[in-house]
Amino acid sequence: MEAETLESAGDAAAFVLSRLPHRDTAESDRAAFLDAATGRALSFAALRRAARSLASALRLGLGLRRGDAVLVLLSPSDDPLLLPPVILGVLAAGCVVVTARPDATAAEIAAAAHASGVAIVVAGPEMGKKVAGVVAAPLLHMSRSPDPRAVSAEELMDGGDPTALDTLAADRPGAWDAAILVYSSGGKKPEAMTHADLVAAVAAAGAGLLDEGQVCLASLPAWGVGVHGALPLLALGLPAAGVTTVLLPPSADLRDAVASHSATDVVATPDMAAALAAPMAPQGKLITLRRVTVVTPAPLTEDARQALHRRLPWVDLTEMSDLTEMGTEAGLEQAQVAPAELGALLLGQPEAASPLAIQHKGKMADQISATNEVVRLHSCPGTNRNTST
């Protein structure tokens, strides 16, 4: 059913969900993502449930609408296992993922939020503090907050109802609707991917990953710190292809990690890729490696490319130079979306000088089902409130 819906509607989230291992099979219990620093894993079944639960909560609990923009901000201190279900969940809700580079200033992020008319911000503590008081949209914490009044995406994923998303099957985005907008540091125009772009990117990733039991290593910098070109591949393409992705901290020795995880694929920054081809690298550790994807703001130099080919002649090398290769550049007028009046779980907006928060009463189960109670936000000066659908 999910696949049929996608083929007619061009819905990228449904496309990914339809390609995850079926929830009633043993394959669904296999790890989709593994945090190498902690040993914690997120299974394919857990990824599906978390994304659908978050999508249901965003639409039926928080009152977001199809086409609303959700600003997702990430930093090295965030739990890497939360990002994939957040990205997939926002898309499954029919909303637009808006993100900015972590090195963007608070003013640049605020400008991006205003230009795209974001309805809500999802961020961890570090980025939440960075934009407190400068972004008018309310904050949904990425992970559980010590503040008992604040709601987090993690709680919504754990306490939401994944089956409730089925009630929104008729209200899905189209193939040419915006799916992801990325604002570069200092840039005025976002780089955009439509749902059709995402479907093509995910399908291409699956076409190149046909072996059984593949394991991909991804350094956290390549995941999103400083460059976002790999975000669709890591968060959507690899799980849709059934690949287990091991998320490495920046300090990890990539060669040792390839050996210990019998990795077939690596997604890395140029510096980490160069370390694989270092003259002193024991090549026996890399015998399982088949593909290296280098995520870089600009193409590799010819010397760097030749060095990788000389040291690793059996490895296929792919360069991913930011999102522009996979998407299109969108003007600010094209990036406008229509933020909805947030309801249900939202109380009054704090003063602009205070950290923004989404507050709640009672237990999560009560919050998510309490759709009859609508508490309006105070108006937010400077926020685009276009109400067209």
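Residues numbered from 1 in each chain as written. Predicted model: local features only at pLDDT ≥ 70, side-chain atom pairs only at ≥ 80, totals over all residues. Heavy atoms only, no water.

Novice: Please clarify how the overall build of the chain should be interpreted in this entry.
Specialist: Across its full length, the chain holds 15 helices and 14 strands. Counting only residues that meet the buried cut, the chain has 55% of its 389 residues in that class. Sequence-distant contacts in the chain: of pairs separated by 6 or more residues, those separated by 24 or more amount to 76%. (Helix = DSSP H or I, 4+ residues; strand = E, 2+ residues; numbered from the N terminus. Buried < 20%, exposed > 50% of the residue type's maximum accessible area, 1.4 Å probe, protein only. Contact = heavy atoms within 4.5 Å.)

Novice: Explain the pairing of strand β8 (residues 191-194) to me, please; I cannot follow it from the model alone.
Specialist: Residues in a regular strand project their side chains so that they alternate between the two faces of the sheet. Where burial is concerned, the two faces of β8 agree: the one with E191 and M193 and the one with A192 and T194 are both buried. Judged from the four bridges that link them, strand β7 (residues 178-183) and β8 form a sheet pairing that is antiparallel. Each bridged residue has a counterpart across the sheet, and for L181 the counterpart in β8 is A192. (Pairing = 2+ DSSP bridges.)

Novice: It is not clear to me how the sheet that holds strand β12 (residues 291-295) should be interpreted in this structure. Could you clarify?
Specialist: The strands making up a sheet associate through backbone hydrogen bonding, with each pair oriented either parallel or antiparallel. Taken in spatial order, the seven strands line up as β2-β1-β10-β9-β11-β12-β13 in an open sheet, and their pairing is mixed. Where the open sheet ends on each side, the last strands, each with one partner, are β2 (41-43) and β13 (316-320). Averaged over neighbouring strand pairs, the angle between their axes works out to 15° when direction is ignored. Relative to strand β11 (residues 265-268), strand β9 (residues 215-219) is paired through three bridges, and the arrangement is parallel. From the neighbouring strand, C216 faces β11, where its bridge partner is D265. Packing of helix α3 (residues 44-61) onto the sheet brings it into contact with β1 (31-35) and β2, and relative to β2 it is tilted by some 75°. Here helix α10 (residues 231-240) sits on the sheet in contact with β1, β9, β10 (244-248), β11, β12 and β13, set at roughly 140° to β1. (Axes fitted to C-alpha atoms, helices over the stretch in contact; angles between N-to-C directions.)

Novice: Help me understand the packing of helix α2 (residues 12-19) against helix α4 (residues 83-92), please; the structure alone is not making it clear to me.
Specialist: Viewed as axis vectors pointing N to C, α2 and α4 meet at an angle of 125°, and their least axial separation amounts to 8 Å. Overall, the two elements α2 and α4 adopt an arrangement that is oblique. Considering the relative orientation of α2 and α4, their crossing is left-handed. Residues A13, V16 and L17 of α2 form the contact with α4, whose participating residues are L88, L91 and A92. (Parallel < 35°, antiparallel > 145°, perpendicular 65-115°, else oblique. Left-handed = near helix turned anticlockwise from the far one by under 90°.)

Novice: Would you take a moment to explain the side chain of R59 for this structure?
Specialist: Mapped onto the secondary structure, R59 falls in helix α3. Here the side chain of R59 touches D171 through a polar contact of 2.5 Å, side chain to side chain. Those residues within four positions of R59 in sequence are excluded, and the remaining contacts are L64, R65, R66, A93, L168 and D171. (Polar contact = N/O pair within 3.5 Å; in protein donor to acceptor, adjacent residues only side chain to side chain.)

Novice: Quick question: what am I supposed to make of the pattern of salt bridges here?
Specialist: If charged atoms from side chains of opposite charge come close, those side chains can pair. What the rule picks out here adds up to 14 salt bridges. Between R144 and D158 there is a salt bridge; the shortest N-O distance is 2.6 Å. A residue pair is termed long-range when its members are at least 10 positions apart, and R144 in the loop between β6 (139-141) and α7 (153-159) and D158 in helix α7 qualify at 14 residues. (Salt bridge = Lys/Arg side-chain N within 4 Å of Asp/Glu carboxyl O.)

Novice: Got a minute to help me understand the packing of α4 against α10 in this structure?
Specialist: At a minimum axis separation of 9 Å, α4 and α10 run at an interaxial angle of 80°. Judged by the inter-axis angle, α4 sits roughly perpendicular to α10. In this structure, α4 uses L83, P84, I87, L88 and L91 to contact α10, whose residues at the interface are L231, A235 and L236.

Novice: Just checking my understanding: could you explain the packing of aromatic side chains for this structure?
Specialist: Think of a pair of aromatic rings as described by two things: how far the centres are apart, and how the planes are tilted against each other in angle. On inspection of all chains with the given rule, the structure shows zero aromatic pairs. The lysine or arginine in question, R19, covers the ring of F15, its NZ or CZ lying 3.7 Å from the ring centre. (Phe/Tyr/Trp six-rings, centres within 6.5 Å; stacked < 30°, edge-to-face > 60°. Lys NZ or Arg CZ within 6 Å of the ring centre and 35° of its normal.)

Novice: I'm lost on the pairing of β7 in this one. Help?
Specialist: A large share of β7 lies buried, amounting to five of its six residues. Relative to β7, strand β4 (residues 96-100) runs parallel, the two sharing four bridges. Looking at β7, one finds that V97 is bridged to I180.

Novice: Help me understand α2, please; the structure alone is not making it clear to me.
Specialist: Since there are 3.6 residues in each turn of an α-helix, residues three or four apart along the chain are aligned in direction. For α2, the buried fraction is high: six of the eight residues fall into the buried class. Residues A12, A13, A14, F15, V16 and L17 constitute the buried set of α2.

Novice: So what exactly am I meant to see when it comes to unusual backbone geometry here?
Specialist: Leaving glycine out, the prevailing phi sign among residues is negative, and the prevailing peptide bond configuration is trans. Positive phi, close to 50°, is recorded for S262, a residue that is not glycine. Its place among the elements puts S262 in the loop between α11 (254-261) and β11. Take S262: its relative accessible area is 42%, and that puts it in the partly exposed class.

Novice: How do you make sense of the nonpolar core when you look at a structure like this?
Specialist: Grouped together as the largest cluster of nonpolar side chains are 68 residues, with contacts concentrated most on V72, V86, I87 and L236. In contact with I87, not counting residues within four places along its chain, are V72, V97, L231, A235 and L236. Formed by 23 residues, the second largest nonpolar core is a distinct cluster that contains A100, I109, V131 and L139. (Core = buried A, V, L, I, M, F, W, Y, C linked by side-chain atoms within 4.5 Å.)

Novice: Teacher, can you tell me more about the confidence of the model for the chain here?
Specialist: Low pLDDT means the predicted atomic positions in that stretch should not be read closely. The pLDDT averaged across the chain works out to 75; a share of 72% of its residues lies at or above 70. Mean pLDDT values for the elements of the chain range from 34 in helix α14 (residues 332-335) up to 96 in β2. The low-confidence segment residues 1-9 (pLDDT under 50) makes 16 contacts with residues lying over four places distant or belonging to another chain. Below a pLDDT of 50 lies the segment residues 224-228, which in the model reaches 20 contacts outside its immediate sequence neighbourhood of four places, other chains included. (pLDDT = per-residue confidence, 0-100.)

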